[in-house]
Structures are given as C-alpha cells and as structure tokens.
Amino acid sequence: MARSMNLVLNVWRQKNAKDQGRFVRYDAKAINDHMSFLEMLDVVNEDLAHKGEEPIAFDHDCREGICGSCGMVINGVPHGPAKSTTACQLHMRLFKDGDEITIEPWRAGAFPVVRDLVVDRSALDRIIQAGGYVSVRAGAAPEANSLPVPKLDSDQAFDAATCIGCGACVASCPNASAALFTAAKISHLALLPQGGPERTDRVRKMVAQMDAEGFGHCSSHKECEAVCPKDISISFIAKMNRELITAMSVAPNEIKSRSKG
Amino acid sequence: MQLDSRAPTGPIEQRWNEARFKSKLVNPANRRKYKVIVVGSGLAGGAAAATFGELGYNVSCFCYQDSPRRAHSIAAQGGINAAKNYQNDGDSVYRLFYDTVKGGDFRARESNVYRLAELSVNIIDQCVAQGVPFAREYSGLLGNRSFGGAQVARTFYARGQTGQQLLLGAYQSLSKQIEQRTVKMHPRTEMLDLIVVDGVARGIVTRDLVTGKVSAHTADVVVLCSGGYGNVFYLSTNAKGCNTTATWRSHRRGAYFANPCFTQIHPTCIPQSGDYQSKLTLMSESLRNDGRVWVPKNLADLQRDPKNIPEADRDYYLERQYPSFGNLVPRDIASRRAKEMCDLGKGVGPEVAGVRRGVYLDFGDAVKRLGRDAVAERYDNLFQMYERITGENPYEVPMRMYPAIHYTMGGLWVDYNLMSTITGLFVGGEANFSDHGANRLGASALMQGLADGYFVLPVTVSNYLAGVKPGGVDESHPDVRRTVGEVEARIQRLMSIRGKRTPESFHRELGTLMWDYCGMARTEAGLKFALAKIPELKAEFYGNLSIVGSGEEYNIMLEKAGRTADFFELAELTCRDALDREESAGGHFREEHQTEEGEAQRNDDAFSYVAAWEFTGESLAPKLNKEPLSFEYVHPSQRSYK
Amino acid sequence: MATQKALTLLDTTVGKKAALAVSGVILFGFVIGHMLGNLQVMLGAEAYNAYASGIKSKPLLLWGVRTVLVAALLVHTVIVLELYGKTIAARPVAYKVKKHIATSYAAMMMKYTGPVLLVYIIFHIAHFTYPGVSFGDYDPIAGDVYANFVNAFRIPWVVAVYVIANLMLGMHLYHGAFSMLQSVGLSHPRYNNRVKNIARGLAFLVTAGNVLLPLTVFLGLAK
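Definitions and limits used
- Residues numbered from 1 in each chain as written.
- Chains lettered and ligands numbered in written order.
- Predicted model: local features only at pLDDT ≥ 70, side-chain atom pairs only at ≥ 80, totals over all residues.
- Helix = DSSP H or I, 4+ residues; strand = E, 2+ residues; numbered from the N terminus.
- Buried ≥ 20, exposed ≤ 12 C-beta atoms within 10 Å, placed from the backbone.
- Contact = placed C-beta atoms within 7 Å.
- pLDDT = per-residue confidence, 0-100.
- Nonpolar A, V, L, I, M, F, W, Y, C, P; charged D, E, K, R; others polar.
- Pairing = 2+ DSSP bridges.
- Axes fitted to C-alpha atoms, helices over the stretch in contact; angles between N-to-C directions.
- Right-handed = clockwise from strand over helix to strand, strands pointing away.
- Domains from an automatic or database assignment.
- Expected span 1.5 Å × (residues − 1).
- Arc of directions from axis to C-beta.

## Section: the overall build of chain B
Point 1. Within chain B, the regular secondary structure consists of 16 helices and 21 strands.
Point 2. C-alpha extents for chain B along the principal axes are approximately 75 × 60 × 50 Å.
Point 3. Taken across its 642 residues, chain B has 58% of its residues classed as buried.
Point 4. For chain B, restricting intrachain contacts to residue pairs at least 6 apart in sequence, the fraction spanning at least 24 positions comes to 73%.

Right, here's the structure in full:
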C-alpha cells in the first residue's frame, strides 16, 4: 500500500549562468512513495507555480533511464542512492517521512550551470566530435556479415557502448574527470574491427579534447563506476590509457620512419 | 488540391531504382551553397543531417534536447527488422513488404512500403559499419530473433537497447559532420513555426530554450523529423518533451495532416500508480510468451492479495476467449480486452480517478514449469526494471500491466519523395504518415527512421534542390519577419493570460479526455463528446493559463504551454478523423465496426484511402482530402485469431 | 594536422598519469629494496655495517641509483603539482553535500600523504645520510650506521615520526599500487585481481617492514 511522506528539500536555485546561485528550502508535502524522484519534483513544481514562484528547472526526457538527460546530485550522490539507476528511475520508496534531501546540479568547470539543476554538457558532445566515430559515409558500408566479430569482443564493446552520456561520472569524480565517458567510447570502437583504421588518431584526438575541455585527470577513485547508471567498468579507462600510450609512443611516426628506412 | 503521391508505376521491384535514376543531381561543387534545415536529431533527423553533411550541403540541425544523442529514438528496446534472410528461414524483401502492408491493415502505400523493405538490408550494413554492436552468434556473425509474432527471424537487436545503439551510430556520424563544419547543430532550440514564402518552405522560426530568443533561420529546403504526437494523450511511452509543434505549425501553414487517428497502443506497460504519474514505461512484449494474463472473477477479490486468490476464482480471459492464441493474441486485441476487463470494474492495482486500471500478468506457472532460474534467464532484466518502478517482485507477486499509447502512425502527408503538400518541406520518420498504414509492426519504426534518413531523403531532397536556385530568401524578407512577429505575438499571448492553471494541468486533462474517448476503443458518441469538450478546455486554457517568469529566459512552463496549445488543436483533428473513419483498422478501433467475435472490421469499399486533412483557418472545419489506395500486389484480407 | 603533431604524450593528462605511474614504480621498487636492506639491522652490527659499506664501495652504482631516484621523485612531484592545479580548476564550485561511495580512504588521502612523504624523505635523508643529525644525547658516527640506527631509535618521538610516516607511505602505496596499473593501462579481466593483489601485498609488506624497523630497538631486535 502506498505511503505518504513529508520531506524537506534543499535545492540549488540559479537563474542563469551569471547568477551566483543559492540553496532554497522547500517543503514537499504528501509525497506518495510510488512516485519517481522526478515526479516528486513535478509535484513540488506545480505547487510552486500555484504560489507564483518559478518552478525548479531540471533536465529530463525519456524518464526510462536511457536518454541520459536527467541528472542531479541527491544527498551527495549523482542520481541518488540506488545503484545502476538514473534519477528518473529512482523511486521515493527509498526515502522516509521527515527526510531532508539536498539536491545540487552536476558540479564541474566543464559543465557550467544553465539554470537551477540544468547544466551544459556540450563538452561531452565535443569529445565525441573530436573522433568518437567510424568515418563511414551512408552507402559506403560493406555487407554486414562480411566482417565477423568474435562474440566476446562484440559483447565487451557493447558493455562500453551502453554509456548514456549523462555525465554522472564527471559529477561523482573528486577530480571532475571525464575519463570514464571518454574511455567508454574509445573502448567501444577500439574493440571492434570497424574502429581499427582510425584507432590511433581517435584516441589522441579524443583525449586531447577531453583535456581541452577542462576536465580533471583520473585518480582511480572508482567513484564514476559506482554511480554509473549503466555500470561501465573503469577497466575501460585502463584500456584508454593503453590505447593512448601505444598510439603516441609507437604509432604512427615510428611506423612511418620504419617504412622509409 | 489534387493529392499526387508521385508514386512510380511499373514493377514494384524496380520503382525505387527508377526513381533514383530519374532524380536530378546537384553538382558537388555547388552543394555547399544550398542550406538544408533538419528539425529533429533522432534516427531520421540525425541520419538525414549527417548524410546531407557528407554530401556537402550546408546543414543546420535543431533539437530541443541538450544533445542530439538524446532524441527519443533512443528509448526503442526491441530491435530493427531487415530482410537479410541470414536465418535462411524464407525471408525476403518481398515478404517483409507483404507483412508490413498486411500488418498496416491495408492502409499504406505499396510503393513506399516496398522501398522500405528494400532499404532495410542497407541499413544493417550501414549500422554495422558504424560500429553498432548488434547481437552476434559465436561464429561472429549477426544474430536475429523473431519479433512481434513474425514467422521469420528478421529482427536485429542490441540487448534491450537497440534504439540507443542505432541512435548513437547516427549521432556519431552527425558528430563527425559537426566537426567538419558541414553541419551546424542547434541544441536546446525549438522550432515554433515554418516560414513559407510564395507557397514554398523557406525556413523556420525557433526559440532558444535557454535565452528565450526568437529567431528566423532561412534555408533552401526544410526537413522535419520531429517525431510523433503520442503525448497528445499526456500519458504515453513517449519522452516528456515529445510534441507536435513542428508538425502542427507546418500543418497550419499548408501541410496536410494524414490519418491522425492511427495511433498504436502497446499492451504491456506498467500501470499508472497515481494521479501524479508523468509517463508510462513499456515492458517488452516478450513477457506474454510465458506470463498468463488474468483478473479476479469476483469483484470481492479485487483488493485481495493475488497469491491468495484460488485458481478457480481467476479469469484467464485471453485463454478463455482465444483458445488457440491465448495470451499471444495481437497487440490491439490484448489491449482492448484488458480495457474491457477494467471497464467492467475487474481491474487490479491502485485506483486512479475511480478506476483500477491493470490486469495481472502472472509468472507463477512459468516458474513452476520452467524453474525460477530459467524464468530469470529470460526475463530477469525486465523483472528488475519492474521492481524498481513498482516495488513489487514479479517472482512473488503477479506483475500488473495496462496498455499505453506507444507510437503514432499518422503524421504529415508526404508523397513518394517524402515531400509534404508544401513545396520544399520534407518530412521523415514518425513525423510523416507514410509507411505503416493503420498499424506498425514491431521493430519497424527504427527501420523507417533510418531508411528515410540515410537513403530516401538524401536522394529526394537532392532532386528537389537541383531545381532550386540557392539562397533566394534572407532574414529581411517581409514574410520571414511577419512569421517571426507572429511567433512573438503567440508567446506574448500565452505569457499575458496570467490566469490560475498551470500548462501541466491542462495537458493532463486533455490527455485524459483523449484517452477516454479517442483511445483504444472509440465510439461515435464518445468522439462527439470529446469534440465538444476539447474546445471548451481550449477556451479555458486561453482564459485561465498561468505561466510564471518571463519569455526571455529558460522557462519550462512556457515551453509546456506552447506545446499544449498545439496539442489541443491536434486533439480535435484526431477525434474528427476518428469520427470520420467509419471502420476499424489497425490502431483505430470503432466499437460500431467489429465482427461478431469482437474483431476490427475494415470497410475497404468506403475507406481504402489516406485521409489528408487540410487546415482552412482558425476555428474553421478542416477539409478532408483523400488519397485513394490501390493494392496491386498484396490483396486485402481479413485477419482472424480465433 | 599541426596541433596533433605538437601534442606529445606528456601534454595529456593520461600521459602525465603514466609518467606518474612510471616514476612511482621506480620509487616503489626502491622502497622494497631499502626495506629489505635495512632489515639486516636485525642480523647485528657487523652484518649491517658491512651491508652499508658494501653500498658505499660502489660509488658509481650508488650515485647512479641516487640520480635515478631524485629524478623520479622530481618527476613525481612536478607532475602531481601540475595535475593538482588542473583538478582545482576542474571543479570551481564545491558540493554542499558529497558522499564518496567507492573510493578508499587511502585514495582520498593521497593529496595529504604525498606532501607529508616529501617532507619525510628530506627529513630522513638529513637524519641519516646528509649531513646526519642527532636528536638525542649522542653524536652520529660516520661508518657505524648500526650505532646511528640504534641511537636514533632509542628516542621515542623519532620512532613515532618514523612509524607514522611509514603508515602514510603504506597508504600511499596501497592506492598507488592499484592506480599505477590503471594509469599505464595494465588491465585484463582475467589477471586484474591477481595483479592488484600482488601489488597491494607488496605495499603491505613494505609497510610492515618499514614500521618494524624503527621499532626494532624497542622490541630488542637490535641493540
């Protein structure tokens, strides 16, 4: 049977990128425990609107845990206390009457706040733009089964490819590092033969872009892995490091000079 | 206006080839002079924008999300069909074509459907080359499964995330073009109107969702891939932001809206748990392979713990009514029977607005028969998802399910070239009406989006551009400025109502009305009631709407209000179309038109046409234009599942 | 592309971390040897002094090793400072509430154990090697490292400093052992756990040995 609870929210409010921002306390009354976390915020927002106050802005879209839009730090943990779960799939039954909940946006220099809990994650898009693709024009593809891929490689590539680009890894990292995000795409494509031809160039460009965006470095805290809604493993970060070290130490200049000689 | 489908004639196998050969081409050196606008970045829009970029056009792509990677195509779970016949089980392009026409209940254009089936094979090649990690067998070759009752295994899949993986493939190609500066991406930007100059689409008016700035973007061609309108029902499996504004505003500028009443219901979604519910979550239909659907026989048992209800007091109504198909009857039948049970007061689960909307989907027998491990192997991820949302463990307590709106087959009318009735306005993906007829087969939405984006639009838009001089209209053109002015006035109007009700509450009320009277089963009286009620609600909207804040900033209430305003108008048209179509076909079920067994009954003599509605003016009745459908290859037949 | 060519491995955070790992491995290797060498103190004055003079008798090796170690320490320090500056900039606004749910205490303490260890290393060199300092009622005797050792660790606060510093070294190595494998990309699902356990086992042994050393006098293992 449904439980009803009253909560106190401490929510980060910031009108726009230039605003200083501050925490504001709100009462969330008569919250049904079957609500999702975002539905709880919907209820608070309707209440605010009735009082003539501006609703709390937060990114959200599919509410099924796959689009990667939503994301907020709930009581110190990106996406909240449930493992492998995005904020939209977090349900209020994990909270109890009287709880005080602090809600903050992702905090990172590379993710400037747009408004309230909404941040600008375009830095992640630019990392993909730097090389996170296979350059195949529409129509240029060979017959799909002409290139068998060992199932284990394919499965491992898949594990990396499940990244939804929500940015929780950055938000959780003590260094605000985007290593897990970047590594996931690099690994996804490096594990597949299709990604082979551009492999060395890709890792160099993507890591360079990751650094240029102002993300921190990886200190192997594993916080990213712990909050990742898709359980992406930090062993992909090791893979990215290996890829880059190989790319920049043996390829491609070395290969060039060898072929000349 | 006489609707010309421009569908080629001749042998169906050669039509697309012919059409491609006859298409005019743009000299590669001249392409960058042509500006192409793509609205939407999902499978259709993302693929189209990337491909136009690859061809060398000057592309601008718009999406309301913060990144093109988040378009709602991402949420598709099941898979994508393709006539590869890798399983050697008798599949072919022709069979996929045949199944799709039949599945669409003979309300789709044969030429389009054949092209779709033909291109399906290229899509798989393309996606695999991009690095989409489709399921593979131990041989390293691609795996397939049979989906949605198909007799052949032609569905390619990527765990339960096929949509995501395909979209990321398109997004990556798009990202490359953004890097190469052939595509300029405009995220967090919403199209609010279409610019039409002398009857030709010449651009769009947008609002920057962060700053509130309204601006005009002119172009030589506009391509809408802005998705479906399922959110007119408020509760649906669509993403919260999905809306009809781009298509509806284009409709008001002269693009005909086709078959809006063809909406698809998915039978297995997690039921609503309360009146705060913001969306519904779909659970894979595969659950019906092993789960048994039932409701309590006695009304007294409704609130009883289902475990304590003895076998004799359970009504396995699908098995009772359809002994041969049982729980595996098609989507629409399963959906309607569930609704019937709940309308009879036999629904289970929480009461929302006075009705319990849910039926049990019980795995008790499956666990007994196969063992818990075997059930877990098949469904554990789904069970976990269900438990996360409902807090109930399906191994212990029967799941509860209820149908929900899932996809809309209707959309802007397009010809074979995917051009609307406005010259220079092309429409792809779910936003158009073209390929699915009255009902869409499982795993065919992704196929259509990508076929349009990668392969059809690049040819047909190029053909159009070849006949156009680039850069005819700029932002100072009076028609452009007038359209911008109209958009600003509309925003101003919404902002200045200063009433008491939030946009959300209006949207919710409209959705409930639509679901009750224009949902799974429709009647003349119900539709007429809705048609009387919607204008009343709309009038209240324009008299009592409240939006906090201003239009010159990030304003989620204003966004919502604009989308809701357009949903009102679309809702009316949908009801009118449903009322007008005096037959049952695919996703459209009129209670007056059913067989003795309660099956949908088509009326091919009177309704074998596409209903293309023309906007005639504010508060004027829309005009119905008909595109007759003829079937040269697949001849209409009535289905039976008894 | 010009920008690509100009970029070297060490310009990237990944490259810097790899350099940190390589310098870390060198220092890690040294502390293992250093610990094993000094445990000979328990074999008595003769053996221990012979070990010390043995090292001194090979100046080329001694100064070679010292050069490598100083270089490694320098690289380790400079890179950490560089990375630390970037980290500060990477999160200009701190969280009001932040829980750490996966990381270890050792990992979170790296930014404190690092500087403490640097100070400790300087102290330790000054204490025993150059110039050699007495904190008690004795004079260091050049050539009699055994006596110096025993005299030094008769003083309780000196023992305390060494024990605490070496516990910090243990924490530093515990996280470093795992992190350096990540940084240079040594990761394989089959061997990951084994390799990590070996690295952490080594860290534990070094710590145990190093904590034991200053306690030997009190425990009567060296007189």
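Moving on, there is more to tell.
## Focus: the confidence of the model for chain A
Point 1. With 95% of its residues at a pLDDT of 70 or more, chain A shows a mean pLDDT of 94.
Point 2. A low-confidence stretch, residues 254–261 of chain A stays under pLDDT 50, and its non-local contacts, those more than four residues away or across chains, total 0 contacts.

## Some words on the interface of chain C and chain A
Point 1. On the chain A side, the residues contacting the 41 residues of chain C number 40 residues.
Point 2. Mapped by element, the contributors of at least two residues to the side of chain C that touches chain A are helix H2 (13–38), helix H4 (59–90) and helix H8 (156–183) of chain C.
Point 3. With 6 residues, H2 of chain C is the single largest residue contributor to the side of chain C that touches chain A.
Point 4. Of the residues in the side of chain C that touches chain A, the class split is 20 nonpolar, 14 polar and 7 charged.

## Some details on the sheet that holds strand E19 (residues 425–427) of chain B
By definition, the strands of a sheet pair up through backbone hydrogen bonds, in either a parallel or an antiparallel sense.
Residue and element names in this part refer to chain B.
Point 1. The strand order across the open sheet formed by 5 strands is E5-E2-E1-E9-E19, and the pairing between neighbours is parallel. The sheet is open, and its two edges are formed by strand E5 (183–186) and E19, each paired on a single side. Across this sheet, the average inter-strand angle for adjacent strands is 20°, counted without regard to direction.
Point 2. Summarising the sheet, strand E1 (residues 35–39) and strand E9 (residues 221–224) pair through 4 bridges and their orientation is parallel. Among the inter-strand pairings, Val38 is bridged to a residue of E9, identified as Val223.

## Here we look at the pairing of strand E2 (residues 58–62) of chain B
Residue and element names in this part refer to chain B.
Point 1. Most of E2 sits inside the fold, with 5 of its 5 residues counted as buried.
Point 2. Both faces of E2 are covered, namely the face carrying Asn58, Ser60 and Phe62 and the face carrying Val59 and Cys61.
Point 3. Read from E1 through helix H2 (residues 43–55) to E2, the crossover connection turns out right-handed.
Point 4. Bridging between E2 and E5 involves 4 bridges; their strand directions are parallel. Looking at E5, one finds that Val59 is bridged to Val183.

## Observations regarding the interface of chain A and chain B
When the parts of a complex come together, some accessible area is lost, and that lost area is often taken as the interface size.
Point 1. Tallying the contact residues gives 64 residues for chain A and 64 residues for chain B.
Point 2. Where the side of chain A that touches chain B is concerned, the elements lending two or more residues are helix H1 (37–50), strand E6 (113–115), helix H2 (122–129), helix H3 (151–161) and helix H5 (179–190) of chain A.
Point 3. The residue makeup of the side of chain A that touches chain B, split by class, is 28 nonpolar, 20 polar and 16 charged.

## Structural notes on the domain arrangement of chain A
All names here are of chain A.
Point 1. When its domains are assigned, chain A resolves into domain 1 (4–115) and domain 2 (121–260).
Point 2. Placing the centre of domain 1 and that of domain 2 at their C-alpha centroids yields a distance of 31 Å.
Point 3. The interface is formed by 18 residues belonging to domain 1 together with 17 residues belonging to domain 2.

## Here we look at the sheet that holds strand E10 (residues 257–258) of chain B
Residue and element names in this part refer to chain B.
Point 1. The sheet built from 4 strands is open, its strands ordered E18-E10-E20-E21 with antiparallel pairing. Each edge of the open sheet carries a strand with a single partner, namely strand E18 (411–412) and strand E21 (623–628).
Point 2. Pairing of E10 with strand E20 (residues 609–614) involves 2 bridges; the strand directions are antiparallel. In the strand pairing of E20, Ala258 is matched with Ala612.
Point 3. Those strands touched by helix H15 (residues 556–580) are E10, E20 and E21, and its axis lies near 145° from that of E20.

## Here's the deal with the confidence of the model for chain B
Point 1. Of the residues in chain B, 99% have a pLDDT of 70 or more, and the chain-wide mean is 95.
Point 2. The ipTM, which scores confidence in the relative placement of chains, is 0.95 for this predicted complex, and the corresponding pTM is 0.96.

## Structural notes on the pairing of strand E5 (residues 100–104) of chain A
Residue and element names in this part refer to chain A.
Point 1. Across 4 bridges, the pairing between strand E1 (residues 4–13) and E5 is parallel. Paired with Val11 across the strands is Ile103, a residue of E5.
Point 2. Relative to E5, strand E3 (residues 73–74) runs antiparallel, the two sharing 2 bridges. If you follow Val73 over to E5, its bridge partner there is Glu104.

## Some details on the domain arrangement of chain B
Residue and element names in this part refer to chain B.
Point 1. Under the domain assignment, chain B is made up of domain 1 (267–403) and domain 2 (478–613).
Point 2. Taking only C-alpha atoms, the centre of domain 1 and the centre of domain 2 are 30 Å apart.
Point 3. Contacts between the two partners involve 5 residues from domain 1 and, on the opposite side, 4 residues from domain 2.
Point 4. Residues belonging to the side of domain 1 that touches domain 2 are distributed by class as follows: 1 nonpolar, 1 polar and 3 charged.

## What to know about helix H14 (residues 524–544) of chain B
All names here are of chain B.
Point 1. For H14, spanning 21 residues, the distance from its first C-alpha to its last is 30 Å, which sits close to the expected 30 Å at 1.5 Å a residue.
Point 2. All of the buried residues along H14 are Gly526, Leu527, Ala530, Ile534 and Phe541. Relative to the axis of H14, the buried residues are bounded by an arc of 80° and lie together on one face. In H14, the exposed residues that point more than 90 degrees away from the buried face are Ala525, Ala532, Glu536, Ala539 and Gly543.
Point 3. Buried residues along H14 sit in contact with helix H13 (503–518) and H15.

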